Amino acid sequence: MSNAWRAVAAVAAVISLATCTGAAVSTAPPSARVTAVGPVFADVRGMTLYTYDADRPGLSRCYGLCAFAWPPAAAAADARPAGGFMVISRADGTRQWVYKGAPLYGYFRDAKPGDTAGEGDDGVWHVARP
C-alpha cells in the first residue's frame with residue numbers, strides 16, 4: 001500500500017472513530033445517574049459527562065484534539081435551557097450543554113453508560129455532578 005493510501009486510510013479511521021465516540025446531539029438537557037463514583041450527569045445515551053478546569057463560565061476552551069478526546073455535550077438547534085442547564089454556541093459554530101456555566105463533555109475512553117474513566121484525568125477533568 002502506498003503512503004498516500006495509508007494516509008487516506010488513517011484519516012478514514014480517525015473520522016470513523018470520531019463518529020463512534022462523538023457526543024449525541026440532544027434537545028433534552030443531561031440527566032443524573034448513579035455511577036461507581038457517585039451521582040453524575042449523563043448524556044441521552046447514559047454516558048458520563050465531565051467538566052474542564054481550563055474553561056471559563058459559559059466558554060469552552062476545548063477544541064481540536066481536546067474536543068476529539070473530550071467531545072462536547074452537543075445540544076440540538078432547538079434545545080432549550082432547563083434548571084441549571086443552558087446552551088452555548090462554541091467558536092466552531094456548534095452548540096454545547098453547560099451546567100451552571102460549566103461546559104460539559106463526554107470522554108472517548110468511556111465505553112459504556114456509567115463508565116467514569118475520565119475522572120481526575122490530568123488533574124483538570126472531573127465528572128459533572130448534580
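Definitions and cut-offs
Residues numbered from 1 in each chain as written. Predicted model: local features only at pLDDT ≥ 70, side-chain atom pairs only at ≥ 80, totals over all residues. Heavy atoms only, no water. Helix = DSSP H or I, 4+ residues; strand = E, 2+ residues; numbered from the N terminus. Buried < 20%, exposed > 50% of the residue type's maximum accessible area, 1.4 Å probe, protein only. Contact = heavy atoms within 4.5 Å. Areas by Shrake-Rupley, 256 points an atom, 1.4 Å probe, with all protein chains shown as cover. 1 Å grid on protein atoms, 1.4 Å probe; cavity = no way out; pocket = protein on both sides within 12 Å on 5 of 7 lines; lining within 4 Å. Points joined across faces, edges and corners; volume = space filled by probe spheres on them. Nonpolar A, V, L, I, M, F, W, Y, C, P; charged D, E, K, R; others polar. pLDDT = per-residue confidence, 0-100. Pairing = 2+ DSSP bridges. Salt bridge = Lys/Arg side-chain N within 4 Å of Asp/Glu carboxyl O.

Q: Any details on the overall build of the protein chain? Residues and values, ideally.
A: Per the secondary structure count, the protein chain includes two helices and seven strands. Secondary structure elements of the protein chain occur, N-terminal to C-terminal, as α-β-β-β-α-β-β-β-β. Relative to its 130 residues, the protein chain shows a buried fraction of 38%. Sequence separation of at least 24 residues holds for 62% of the intrachain contacts in the protein chain that already meet a minimum separation of 6. When the accessible area of the protein chain is evaluated, it comes to approximately 7000 Å², of which 62% is carbon and sulfur surface.

Q: Kindly report on empty space enclosed by the protein, identifying the contributing residues and their values.
A: Using the criterion set out here, one finds one cavity of 30 Å³ or more in the structure. Its boundaries defined by the atoms lining it, the largest cavity holds a volume of some 60 Å³. What lines the largest cavity is a set of 12 residues, among which Ala24, Ser26, Asp43, Val44 and Trp97 lie closest to the centre. Classifying every residue of the lining of the largest cavity gives 10 nonpolar, one polar and one charged.

Q: Outline the confidence of the model for the protein chain, listing residues and values.
A: When the pLDDT values of the protein chain are averaged, the result is 87; 82% of them are 70 or greater. Ignoring residues within four places in sequence, the model shows residues 1-21, a span with pLDDT below 50, making nine contacts including any to other chains.

Q: I'd love a proper account of the pairing of strand 5 (residues 95-99), names of residues and values included.
A: The element strand 5 is extensively covered by neighbouring structure, given that four of its five residues are classed as buried. Two elements, strand 4 (residues 85-89) and strand 5, share five bridges in a ladder whose sense is antiparallel. Residue valine 87 lies in a different strand from strand 5, and its bridge partner there is tryptophan 97. Counting the residues in the hairpin turn of strand 4 and strand 5 gives five residues, including glycine 93, whose phi is positive at 90°. For strand 5 and strand 6 (residues 102-103), the ladder comprises two bridges, and the chain directions are antiparallel. Paired with valine 98 across the two strands is proline 103, which belongs to strand 6. In this antiparallel pair of consecutive strands, strand 5 and strand 6, the connection spans two residues, and lysine 100 shows a positive phi of 45°.

Q: Got a sec to walk through the pattern of salt bridges? Specific residues and values, please.
A: This structure, assessed with the given rule, holds three salt bridges. When the shortest N-O distance is used, the salt bridge between aspartate 43 and arginine 45 registers 3.6 Å. On the basis of relative accessibility, which here comes to 12%, the residue aspartate 43 falls in the buried class. The partner of arginine 90 in a salt bridge is aspartate 92, with the nearest N and O atoms 3.8 Å apart.

Q: Before we move on, could you go through the sheet that holds strand 5 and cite the residues and values that matter?
A: One open sheet accounts for three strands, arranged 4-5-6; its pairing is antiparallel. Edge positions in the sheet fall to strand 4 and strand 6, since each of these pairs with one other strand and no more.

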